[in-house]
Amino acid sequence: MTTTTHILGYPRIGEKRELKFTLEKYWRGEIGQSELKQLGSELRNRNWNVQADANLSFATAGDFAWYDHVLTTTLLLGHVPKRHAGGSEEEKAFPDLDTLFRVGRGQSQTQIQSQKQPTCCGGKHGSESAQDGAAASDMTKWFNTNYHYIVPEFSKDDSFDVSWPQLFDEVNEAIQAGHKVKPVLLGPLSYLYLGKEVEEGFDRLSLLPRLLTAYQAILAKLSKLGVEWVQIDEPILALELDNQWVDSFKLAYQVIQGDVKLLLTTYFDSVTDTLDKIVDLPINGLHIDLAAAPQQLDEVVNKLPEDWVLSAGAINGRNVWRADLAAQLELLQPVKDKLGDKLWIASSCSLLHSPVDLELEETLSEEVKSWFAFAKQKVTEVSLLGAALDGDQNAILACETYSQPIVARKSATHVNKPQVQARINTITKALAERTAPYAERAAHQSEVLGLPLLPTTTVGSFPQTGEIRVQRSAYRTGKLSEAEYNTALKGHIADAVKRQEALDLDVLVHGEAERNDMVEYFAENLAGFQTTKFGWVQSYGSRCVKPAIVVADIEREKPMTVEWSTYAQSLTSKQMKGMLTGPVTILCWTFPREDISRKEITNQLAFALRDEVSDLQDAGINIIQIDEPAIREGLPLKKRDHAEYLEWAVDAFKISAASAKPETQIHTHMCYSEFNEIIDSVAALDADVITIETSRSNMELLKAFEEFNYPNAIGPGVYDIHSPNIPSEEWIVDLLKKAAEKIPAERLWANPDCGLKTRNWVETEAALTNLVSATKALRKEWESAEA
Ligand code: GLN
Ligand code: ZN
């Protein structure tokens, strides 16, 4: 007998993002459904062949999704929100792909522009087509990843009815192609938990019995197709669940057991909190994530029921690093000795979160390439580790050889740089503190900056016009020289400054025309990062991101933003705000190293930014914004781990900012609306000014700041930049008045709720005109009231 090997899922976007491009063609009406479906089938078959070629024991099916796998589950369960179900009985009974896209994208699905935008921080923005009465369902982050799922909507009278054949069709398709199939299904409790009630006064858990009937039907159908094992994902088991939820597992699995063998899969954190309950379930095996939580292995092995399999998620499914197979072999050998064939080897989670194929990266150096493994390579790792555990001598040797680059990397001084580490060792509490407390700084700043009451500003980026994009791509492909590109960028900066002066804003920005992305720009300018050409991972729907990779200790070799900011400042007598991305956000939106902690990487970034702050201020920039939109999403899954994370995250921000003199004003920006949990950490950042998102909650959010007695200045976003709607002057006046009820006017700023790069100039100028006139009117009112 050989060790069973499998993965929890494979990326569906295609190695060159084929799914993205084909979906978008379909949405634009350029191709029909049959062409789209043809590509889906091609992608699935390709993915199964990767698994078969590597000799995995199973080909995983049911991991393909046209938009999102939670949305697929919604369709599978016949649980489409009523507003999307379609008019005719026929449409209701037989939803079609367009129904699915309507739930994900809103009604006007032929317009690609109307595709939902998540917030920059992955929150829950409504669709731009919300006005037509069939707004897309909400979208939110999938646990602590940068993937977003479509949130299921629950009402009291919901019923479930297996009507969407995709899963069964795809299982059949794989069987026809000759594969041994293991379907994957999102479990009933996770499906319920990840959704939300859209009706007051009921608990979605009360829908469980009805939902289970649908799951029974699904599993019976799979069994009829000849399926032996089903992978049933219950990732919520890695959270800190209320008893009510934990206890529901027993009932649920008693009801749905029987037709097929169930492998209960958990990932992203440890399950030892609920292990005693898990081992009581009538199932046939458990999968645990050993990349995220290796410490749970012993306990799980000890408590594992005798007839269960243990699927060891040994190969990290959500990072780009080559596995140290020799070390894994050593770790798992005793488990193999104990469990024999009941030990399975797997990826830690679905490979959905990994880029697809390292082989496409032709420009990486051989050394760097030998450090990485993308999805396709991870499949091979799973297989090789399985073979080595079976005692195959060639495989054991191959593991040894395969691990060498990763082992060599540990002592490479171009990776672990003594000078960077020496600096990290200088960190003290004092290093992270500004030299004066806020009140003193505020007094200095008001003298130096000469700003009016209720100063106006923007959050950083201005419209990324077609022209900018064309120039950037010409530069990247060598059609524009660096000098020509820089001249072009300066042109955009000059244009942005001119427009802001005409608008009469108080604190200007240079507009970020040089940045394709707020993290990638810094990754490209700092030593220690590697960028890739095809390292895309799905973010939501057809949208993909290509995070940079931290490969070595991070160093700033030269100033990164000073030239742009000082050029912009030279064009105006108003204050120009420098613009940096904070250390925590850079960490959260890149692939981190695994050989040092997230904290250490963030501290290295903090020093690089600290030096940039010094250089900006020495070059005459008096206001510097350090964006941290990702600080909240970096929170660990378990609440008990929050405090530790927040402590080092806050410290890293402060280390970045603390080289600022008292008279230099530090801003930060966060764009989401749930601050309650982290308000004390937000205050602890001690930024002089924070700009936040508040417009859509009608300034409700400011309550958290008011109740906390937030001490520093706040710029509550007065309009939603994700919408093309132009806010009126009255609307803005009204919001600012509401804000002033909660925050003293002397500490209030006026600004949009995020950067403007996704808007066009017409919308931008119209909105900002109203913003400026609203503040002028209010200033008059408030100043005369005082007099
Ligand atoms: N300064 C950035 C911008 O304006 C901030 C973006 C964000 O919050 N994600 O684009
Ligand atoms: Zn923002």
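What counts as what
- Residues numbered from 1 in each chain as written.
- Chains lettered and ligands numbered in written order.
- Predicted model: local features only at pLDDT ≥ 70, side-chain atom pairs only at ≥ 80, totals over all residues.
- Heavy atoms only, no water.
- UniProt positions renumbered as here; feature names shortened; annotations may be inferred.
- Helix = DSSP H or I, 4+ residues; strand = E, 2+ residues; numbered from the N terminus.
- Rg over C-alpha atoms; globule rule 2.2 N^0.38 Å.
- Buried < 20%, exposed > 50% of the residue type's maximum accessible area, 1.4 Å probe, protein only.
- Areas by Shrake-Rupley, 256 points an atom, 1.4 Å probe, with all protein chains shown as cover.
- Lys, Arg positive; Asp, Glu negative; His and termini not counted.
- Charge placed at Lys NZ, Arg CZ, Asp CG, Glu CD.
- Pairing = 2+ DSSP bridges.
- Axes fitted to C-alpha atoms, helices over the stretch in contact; angles between N-to-C directions.
- Contact = heavy atoms within 4.5 Å.
- Donors = N, O, S within 2.8 Å, 3.2 Å for Na, K, Ca; no water.
- Tetrahedral: all angles 85-135°; square planar, octahedral: opposite > 155°, others 65-115°.
- Core = buried A, V, L, I, M, F, W, Y, C linked by side-chain atoms within 4.5 Å.
- Expected span 1.5 Å × (residues − 1).
- Arc of directions from axis to C-beta.
- Polar contact = N/O pair within 3.5 Å; in protein donor to acceptor, adjacent residues only side chain to side chain.
- Parallel < 35°, antiparallel > 145°, perpendicular 65-115°, else oblique.
- Left-handed = near helix turned anticlockwise from the far one by under 90°.
- Nonpolar A, V, L, I, M, F, W, Y, C, P; charged D, E, K, R; others polar.

By the naming in an unreviewed UniProt entry, the protein is 5-methyltetrahydropteroyltriglutamate--homocysteine methyltransferase, taken from Vibrio coralliirubri. As recorded by UniProt, the Pathway (unreviewed entry) comment attached to the protein reads in full: "Amino-acid biosynthesis; L-methionine biosynthesis via de novo pathway; L-methionine from L-homocysteine (MetE route): step 1/1." Under the heading Catalytic activity (unreviewed entry), UniProt records this for the protein: "5-methyltetrahydropteroyltri-L-glutamate + L-homocysteine = tetrahydropteroyltri-L-glutamate + L-methionine".

A. Looking closely at the overall build of the protein. Summing up its helical and strand segments, the protein has 28 helices and 22 strands in all. For 787 residues, the compact-globule estimate of 2.2 N^0.38 gives 28 Å, and the C-alpha radius of gyration of the protein, at 27 Å, lies within 12% of that figure. In terms of its C-alpha atoms, the protein occupies a principal-axis envelope of roughly 85 × 65 × 55 Å. The proportion of buried residues among the 787 residues of the protein is 62%. As displayed, the protein offers around 29,400 Å² of accessible surface, 49% of which is attributable to carbon and sulfur atoms. Here the protein holds 80 positive side-chain charges and 113 negative ones, and the gap between their average locations is 2 Å.

B. Structural context of the sheet that holds strand S12 (residues 343-347). Taking strand neighbours across the sheet as the criterion, the eight strands line up as S1-S12-S11-S10-S9-S8-S6-S2 in an open arrangement whose pairing is parallel. In this open sheet, the two strands that pair with only one neighbour each are strand S1 (4-6) and strand S2 (59-61). Along the sheet, successive strands turn relative to each other by an average axial angle of 25°, direction set aside. Summarising the sheet, S2 and strand S6 (residues 181-186) pair through three bridges and their orientation is parallel. Looking at the pairing, Ala61 lines up with Pro183 of S6. The strands that helix H6 (residues 166-176) touches are S2 and S6; relative to S6, the one it contacts most, it runs at about 165°.

C. Main features of the coordination of the zinc ion (ligand 2). Coordination of the zinc ion (ligand 2) by the protein comes from His669 (NE2), Cys671 (SG) and Cys754 (SG), over a distance range of 2.1 to 2.3 Å. For the zinc ion (ligand 2), the four donor atoms in the first shell make angles of 90 to 122° at the metal, so the coordination geometry reads as tetrahedral. In the primary structure, the donors to the zinc ion (ligand 2) are separated according to the pattern H-x1-C-x82-C. Of this pair, Cys671 sits in the loop between strand S20 (665-670) and helix H25 (679-684) while Cys754 is found in the loop between helix H27 (729-742) and helix H28 (761-786), placing the two residues 83 residues apart along the sequence. Each member of the pair, Cys671 together with Cys754, is buried.

D. Representation of the UniProt feature "active site" (unreviewed entry) in the protein within the structure. UniProt feature "active site" (unreviewed entry): in the numbering of this structure it lies at His722. Structurally, the position occupied by His722 is in the loop between strand S22 (713-716) and H27. Exposure remark for His722: the relative accessible area of 9% places this residue in the buried category.

E. Quick look at the sheet that holds strand S18 (residues 575-581). Strand order in this open sheet of six strands is S13-S18-S19-S20-S21-S22, and the pairing throughout is parallel. The open sheet has two edge strands, strand S13 (507-509) and S22, and neither has a second partner. Strand-to-strand twist across the sheet, computed as the mean angle between neighbouring axes with direction ignored, equals 30°.

F. Quick look at the nonpolar core. Within the largest apolar cluster, 103 residues are counted, with the highest numbers of intra-cluster contacts made by Trp142, Leu310 and Leu332. For this core, the leading source of residues is helix H8 (residues 208-224), giving eight residues. Those residues within four positions of Leu332 in sequence are excluded, and the remaining contacts are Leu290, Leu297, Ala312, Ala314, Leu343, Ile345, Leu385 and Leu389. Membership of the second largest hydrophobic core comes to 99 residues, among which are Ala496, Leu609, Phe653 and Ala767.

G. How the structure looks around the pairing of S6. In terms of burial, S6 is a largely internal element, six of the six residues being buried. On S6, burial covers both faces: Val181, Pro183 and Leu185 on one face and Lys182, Val184 and Leu186 on the other are all buried.

H. Fine view of the UniProt feature "binding site: Zn(2+)" (unreviewed entry) in the protein. Per the UniProt record, "binding site: Zn(2+)" (unreviewed entry) is found at His669, Cys671, Glu693 and Cys754. Across 86 residues of sequence, these annotated residues stay compact in space, with a maximum C-alpha separation of 8.8 Å. Using a relative accessible area of 8% as the deciding quantity, one classes Cys754 as buried.

I. Looking closely at helix H2 (residues 33-53). Relative to the 30 Å expected for 21 residues at 1.5 Å per residue, H2 spans 30 Å between its end C-alpha atoms, a close match to the ideal helical length. Every buried residue belonging to H2 is among Gln33, Leu36, Leu39, Gly40, Leu43, Arg44, Asn47, Trp48, Val50 and Gln51, and all of these are buried. For H2, the angular spread of buried residues about the axis comes to 165°, placing them on one side. Residues of H2 that are exposed and point more than 90 degrees away from the buried face comprise Ser34 and Asp53.

J. Structural view of the environment of Phe372. Position of Phe372 among the secondary structure elements: in the loop between helix H13 (366-369) and helix H14 (375-389). The class for Phe372 is buried, based on a relative accessible area of 1%. Spatially, the C-alpha atoms of Phe372 and Ala323 are 8.3 Å apart, while their sequence positions differ by 49 residues. Residue contacts for Phe372: discarding those within four places in its chain leaves Val320, Trp321, Arg322, Leu358, Leu364, Gln530, Ile549 and Val551.

K. The arrangement of the side chain of Ser270 in detail. Along the chain, Ser270 falls in the loop between strand S9 (261-265) and helix H10 (275-278). Ser270 sits in the buried class, given a relative accessible area of 5%. Polar contacts involving the side chain of Ser270 include one to the side chain of Thr272, which spans 3.1 Å. Look past the residues within four positions of Ser270 in its chain and what remains in contact with it is Leu237, Ala238, Ala293, Gln295, Gln296 and Lys638.

L. Representation of the packing of helix H23 (residues 598-618) against helix H24 (residues 642-657) within the structure. Two elements in contact, H23 and H24, have axes whose closest approach is 6 Å; the angle formed by their N-to-C orientations is 20°. Here H23 is positioned roughly parallel relative to H24, judged by the angle of their axes. For the pair H23 and H24, the sense of crossing is right-handed. Across from Arg598, Lys599, Thr602, Asn603, Ala606, Phe607, Leu609, Arg610 and Val613 in H23, the residues of H24 making contact are Tyr645, Trp648, Ala652, Ile655, Ser656 and Ala657. Class assignment of the residues belonging to the contact of H23 with H24 gives a composition of nine nonpolar, three polar and three charged.

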